[in-house]
Amino acid sequence: MRILTALSLALGGLVLGQQAQAAEDFLAGIPRNQVLIAENPEGTVTDPSNFNLWVPKPNGTSTGLQQLCMDTLWYIDPDQGLNGKVWDNSLAADKPQYNKDFNEMTVKLRPGIMWSDGVEFTADDVVYTVQTLMADPGGFNDGARMAANVDTVSAPDKDTVVFKLKKPNSRFHAAFTVRWSATWIMPKHVFEKQEKPSKYNFNPPVCLGSYKLKSFDPNGAWFIWQRRDDWQKTTLARFGEPGPNYVAYIDPGPPDKRVILQQNHQLDIIHDTSPEGAFALIKSSPTSHGWFKGFPYAHPDPTLPMVVLNDQLEKFKNPDVRWALALLIDMKAVDMASYRGAATISAIDVPPTGTYPHYYFEPMEQWLKDFTIDTGKRTIHPYDPNMGKEIADMLRPSMGAAIPKDPQAIAAAFGRGWWKQDPQAAAELLEKAGLKEIGGKWMLPDGTPFTITISTEGDNRPVMTRAGSIIAQQWTQAGIDSKIDALPTAMWSNMFNGQNEATMAWTVETWGGHPDLSFFLDSWHSQFLSDPGKFQPPRNWQRWKDPELDKIIEQIRAIDFDDPKGIELGQDFVKLAVKNMPNIPLMSYNVFTIMDSTYWTGYPSAETDPYTDPVPNWGNTKYMMVKLKPAGAQ
């Protein structure tokens, strides 16, 4: 079967008029059963000819560029990893080697790796990358981080790189370790010829990965990558031959178009769609399936959506007020309003994903059950350990066998517990904090009304907007006048600059497959905290400051990445965050990635083989390629 004009038109209206012929020419000659078609969640790329992913730009990273073309030293899978190993030495031959003071890191490189133009990859490429980024910190995304950490970088031989750091940093290797992305390695022999590397388009890109660029739409709607003839000379070859000869990343249009395309078997991987679209698609198409075989289908990313409170505002400075707001939330209603019941809830500042249930949720369950709050009038146990089960029970009458009954399966899909909605306790906490209820409305200690504006991204992120809407409604019903403010383009920048009250966003992103929390936690140290109204660098956008928090972070900095003590310190952080409620954690970011097995099998799944995140814009997608096989292949 060949991809013909009909497919060109089916691809979500990618091309019209005179462009239709160009798309037909582009796709002609590629058998449908040799190409994996995946959604690029960035949509249509605004500058499609610019493949320089080291520079700031609005999009153009998830076109397959970071997933199939680039490579770096290490990867940590957000799930269980190939062969059950979440850590992978990719371009590096071993884990990072630090001296005892953590101010020097040595990297041994994997020999025999070749760039797609036939030039050998060596330590000189790594040294050149770091020095180039450091020399232009304003022009490159990772320039400032390299300049702040690296004193010198050198290559004693072609397979060894030595970093001398400006100060001890036992987590410096994280810069070169892929979670979703990382600092990718530049081809020295290409970039050194450019007068201004940060202005170079890198077109066509020279790749270290197992694929190279075949062609792309000059209007930015699609990109297609071809498996390299010399794929054996790439790091992925250790795991086998990549299955698809070609991989196309396309802009399939809005959620309804994505569903239609997959129903017609012209979109193998939907990055994300609405819960309703996912449910309808799985019901109508026997070959479509999600991460979970049954409800809730979606993949829980290691990211934690929450109500981000601006703790530098006077009205949110008191932990009693923040706790009161949490106890006014009916989490089951938020789940149903946002994800239609398909959320994986979390009461703590760690997402319930990857290996984190084992490291944080299971061992801390009893502590959460025993945790108490003094409302000023009584002591309460606010944690409801049965919330996840109750949500599953609510859905079972309508969803039937799609809802698991096994307690562990329920915990994995729906989460464990959350905080009980307790308006009386919330009122007592507000009174303890000096607020007064007058005529059914809460007044701040200065006598002004307690009001809250929750910023959302509107239709750009409908699940989060729906969650914000129901929370605003619940707070208003309790006497705190609240509303949502839909800011599709300004929400994040307003939060970064402290021009927000409450925001439906996240400040917690974790490795997922590794228990260390420094991926986000190190940035919460008070040394990085900005003054009110000033730009706050990632990721302490709740602007929380606590000396106990600093102590925990400093202890983590002083131990090895794999030291079991890091788990203990991570649990200490969780306990501190529960006591202070600096933000209100809600649930993991469940992505409705739907995969069609008409042409390809071997996708990852929660029940049978959770070897990697199926969400197609993650850098870890490269590992999926060696597991995918043509449908019907033995």
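Residues numbered from 1 in each chain as written. Predicted model: local features only at pLDDT ≥ 70, side-chain atom pairs only at ≥ 80, totals over all residues. Heavy atoms only, no water.

Visitor: Any chance you could explain the overall build of the chain here in plain terms?
Guide: Each helix and strand in the chain was counted, giving 20 helices and 29 strands. Taken over C-alpha atoms, the radius of gyration comes to 25 Å for the chain, in line with the 26 Å a tight globule of 634 residues would show. Projected onto its principal axes, the C-alpha coordinates of the chain cover approximately 75 × 60 × 45 Å. In the chain, once contacts between residues fewer than 6 apart in sequence are set aside, the share between residues at least 24 apart is 72%. As displayed, the chain offers around 23,700 Å² of accessible surface, 51% of which is attributable to carbon and sulfur atoms. In the chain, 60 side chains carry a positive charge and 74 a negative one; their mean positions are 1 Å apart. (Helix = DSSP H or I, 4+ residues; strand = E, 2+ residues; numbered from the N terminus. Rg over C-alpha atoms; globule rule 2.2 N^0.38 Å. Contact = heavy atoms within 4.5 Å. Areas by Shrake-Rupley, 256 points an atom, 1.4 Å probe, with all protein chains shown as cover. Lys, Arg positive; Asp, Glu negative; His and termini not counted. Charge placed at Lys NZ, Arg CZ, Asp CG, Glu CD.)

Visitor: Explain the domain arrangement of the chain to me, please; I cannot follow it from the model alone.
Guide: Note: interface size is frequently given as the accessible area lost on complex formation between the parts. The assigned domain composition of the chain is domain 1 (32-51 + 205-299 + 592-630), domain 2 (71-189) and domain 3 (301-590). Between the C-alpha centres of domain 1 and domain 3 there is a distance of 32 Å. Between domain 1 and domain 3, the contact holds 15 residues from the first and 19 residues from the second. Of the roughly 1,200 Å² buried where domain 1 meets domain 3, counting both sides, 65% is carbon and sulfur surface. The largest per-residue losses of area from domain 1 upon contact with domain 3 belong to F295, P296 and H299, which jointly make up 43% of the total buried on that side. Taken together, the links from domain 1 to domain 3 amount to 2 salt bridges. Connecting domain 1 to domain 3 are 4 residue pairs in polar contact (both at pLDDT 80 or more). Counting residues per element, the side of domain 1 that touches domain 3 draws most heavily on helix α8 (residues 275-284), at 3 residues. (Domains from an automatic or database assignment. Buried area = accessible area lost by both parts, 1.4 Å probe. Salt bridge = Lys/Arg side-chain N within 4 Å of Asp/Glu carboxyl O. Polar contact = N/O pair within 3.5 Å; in protein donor to acceptor, adjacent residues only side chain to side chain.)

Visitor: Just checking my understanding: could you explain the nonpolar core for this structure?
Guide: Nonpolar side chains in soluble globular proteins tend to be buried together. F163, W419, F450, W475, F573 and I584 are the most contacted members of the largest nonpolar core, which has 198 residues in total. The dominant element in this core, judged by the number of residues it contributes, is helix α15 (residues 462-477), at 7 residues. Not counting residues up to four positions away in its chain, the partners in contact with F450 are K315, F316, V321, L325, L430, L435, W442, M443, L444, I480 and D481. (Core = buried A, V, L, I, M, F, W, Y, C linked by side-chain atoms within 4.5 Å. Buried < 20%, exposed > 50% of the residue type's maximum accessible area, 1.4 Å probe, protein only.)

Visitor: Teacher, can you tell me more about the sheet that holds strand β2 (residues 74-76) here?
Guide: The strands making up a sheet are joined through hydrogen bonds of the backbone, oriented either antiparallel or parallel. The 3 strands are arranged β3-β2-β8 in an open sheet whose pairing can be described as mixed. Either end of the sheet is taken by a strand with one partner, and the two such strands are β3 (87-89) and β8 (177-178). Relative to β3, β2 runs antiparallel, the two being bridged by 3 bridges. When the sheet's bridge partners are listed, W74 is paired in β3 with N89. (Pairing = 2+ DSSP bridges.)

Visitor: Can you help me understand the packing of helix α11 (residues 356-370) against helix α19 (residues 565-580) in this one?
Guide: Axes are the key here: two packed helices are described by the angle between their axes and the distance separating the axes. At their nearest, the axes of α11 and α19 sit 11 Å apart, and the two run at 50° to each other. Classed by the angle they form, the pair α11 and α19 counts as oblique. The chirality of how α11 crosses α19 is right-handed. Between α11 and α19, the contacting residues are Y359, Y360, P363, M364, W367 and L368 on the first element and G566, I567, G570, Q571, V574, K575, V578 and K579 on the second. Class assignment for the residues of the contact of α11 with α19 results in 9 nonpolar, 3 polar and 2 charged. (Axes fitted to C-alpha atoms, helices over the stretch in contact; angles between N-to-C directions. Parallel < 35°, antiparallel > 145°, perpendicular 65-115°, else oblique. Left-handed = near helix turned anticlockwise from the far one by under 90°. Nonpolar A, V, L, I, M, F, W, Y, C, P; charged D, E, K, R; others polar.)

Visitor: When you look at the sheet that holds strand β23 (residues 481-486) in this model, what are you seeing that I'm missing?
Guide: The 5 strands are arranged β23-β22-β24-β15-β25 in an open sheet whose pairing can be described as mixed. Two strands in the sheet have a free side with no partner beyond their single neighbour: β23 and β25 (584-585). Relative to strand β24 (residues 502-505), strand β15 (residues 306-309) is paired through 4 bridges, and the arrangement is antiparallel. Paired with V307 across the strands is M504, a residue of β24. Where α15 meets the sheet, it contacts β15, β22 (451-456), β23, β24 and β25, and its direction lies at approximately 160° from that of β23.

Visitor: Please clarify how the pairing of β22 should be interpreted in this entry.
Guide: One face of the sheet, then the other: side chains in a regular strand alternate in exactly this way. Two strands pair when backbone bridges link them, and β22 and β23 are joined in this way by 6 bridges, in the parallel orientation. Bridge assignment links T453 to a residue of β23, and that residue is K483. Handedness of the crossover is the feature at issue here: the chain leaves β22, passes through α15, returns alongside β23, and the resulting connection is right-handed. (Right-handed = clockwise from strand over helix to strand, strands pointing away.)

Visitor: Looking at this structure, how should I read the packing of helix α10 (residues 331-339) against α15?
Guide: In the contact formed by α10 and α15, the axes pass within 7 Å of each other and the chain directions differ by 145°. The two elements α10 and α15 meet at a crossing, and its hand is right-handed. Where α10 approaches α15, its residues A333, V334, A337, S338 and Y339 are matched on the opposing element by V463, R466, A467, I470, I471 and Q474. Taken together, the residues of the contact of α10 with α15 break down into 8 nonpolar, 2 polar and 1 charged.

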